[in-house]
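So you can see what is in the structure, the chains are spelled out below.
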Amino acid sequence: MSETDRQSSEDVRRPEPPLPEESGLALEEYLAMQQAIGHPTRFRILRTLVANDELSAAHLKAAVDVESHNFHYHLDELVDVGLVDKRQRRTADSQGFYTYYRPTAMGRSILTHGVEELMRRERAFNDAYS
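Residues numbered from 1 in each chain as written. Predicted model: local features only at pLDDT ≥ 70, side-chain atom pairs only at ≥ 80, totals over all residues. Heavy atoms only, no water.

Naming follows an unreviewed UniProt entry, where the chain appears as Winged helix-turn-helix domain-containing protein of Halobellus rubicundus.

Here you go:
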């Protein structure tokens, strides 16, 4: 029998709650955001929006280079979890009406301080030890 098998459950440390009681979002909402950005297509969509601030659906689709039915599904997922805002232009121009998308503050933060931060650390580690 190993030492860890003898440890009583009273000795196991429990982490603090992840959110304050007055949190604006529930844990499930944060986890849904993490799950949404975890898909490669949604990650590319969000990165492209952060790099451009705001794009029409047509320009965004062309920049991300994904099939239409997949593109709109993934874009809607990002909108649904609150990482991307969607707005409709109220007046038509010479090319008609457009829908524009832009990253929310949470979308920018989760990208910058989440996955991309891990990638920056890996690059710094590789540079330091190569």
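Anyway, onward from the coordinates.
A. Local environment of the pattern of salt bridges. Within the structure shown, the criterion is met by three salt bridges. Across the salt bridge formed by D53 and R108, the nearest N and O atoms sit 2.7 Å from each other. You can see D53 sitting in the loop between α2 (40–52) and β1 (55–56) and its partner R108 sitting in helix α5 (residues 105–129), a full 55 residues away along the chain. Notably, a salt bridge pairs R102 with E54, separated by 3.3 Å at the nearest N-O pair. Residue R102 is found in strand β3 (residues 99–103), and its partner E54 is found in the loop between α2 and β1; the two are separated by 48 residues along the sequence. By relative accessible area, which is 36% here, R102 ends up partly exposed. For E54, a relative accessible area of 26% gives the class partly exposed. Linked through salt bridges whose partners overlap, the residues forming this network are E54, R87 and R102. (Salt bridge = Lys/Arg side-chain N within 4 Å of Asp/Glu carboxyl O. Helix = DSSP H or I, 4+ residues; strand = E, 2+ residues; numbered from the N terminus. Buried < 20%, exposed > 50% of the residue type's maximum accessible area, 1.4 Å probe, protein only.)

B. Structural view of the pairing of β3. Taking burial as the measure, the five residues of β3 include four buried ones, the bulk of the element. Sheet topology note: the β1/β3 ladder contains two bridges and is antiparallel. For L55, the partnering residue across the bridge sits in β3 and is Y101. Strand direction decides the pairing type here: strand β2 (residues 84–88) and β3, joined by five bridges, are antiparallel. Of the residues in β3, the one forming a bridge with Q88 is T99. (Pairing = 2+ DSSP bridges.)

C. Up close: helix α4 (residues 68–80). A rise of 1.5 Å per residue sets the reference length of α4, with its 13 residues, at 18 Å; its end C-alpha atoms lie 18 Å apart and thus fit the reference within 8%. Contacts from the buried residues of α4 go to α1 (27–37), α2, α3 (57–64), β2 and β3. Downstream of α4 by one or two residues, G82 has phi in the positive range, about 90°. (Expected span 1.5 Å × (residues − 1). Contact = heavy atoms within 4.5 Å.)

D. Structural view of the side chain of T99. Note that T99 resides in strand β3. Owing to a relative accessible area of 18%, T99 belongs among the buried residues under this scheme. Side-chain polar atoms of T99 contact the side chain of Q88, separated by 2.6 Å. In this structure T99 touches L55, S56, A57, K86, R87 and Q88, once residues within four positions along its chain are discounted. (Polar contact = N/O pair within 3.5 Å; in protein donor to acceptor, adjacent residues only side chain to side chain.)

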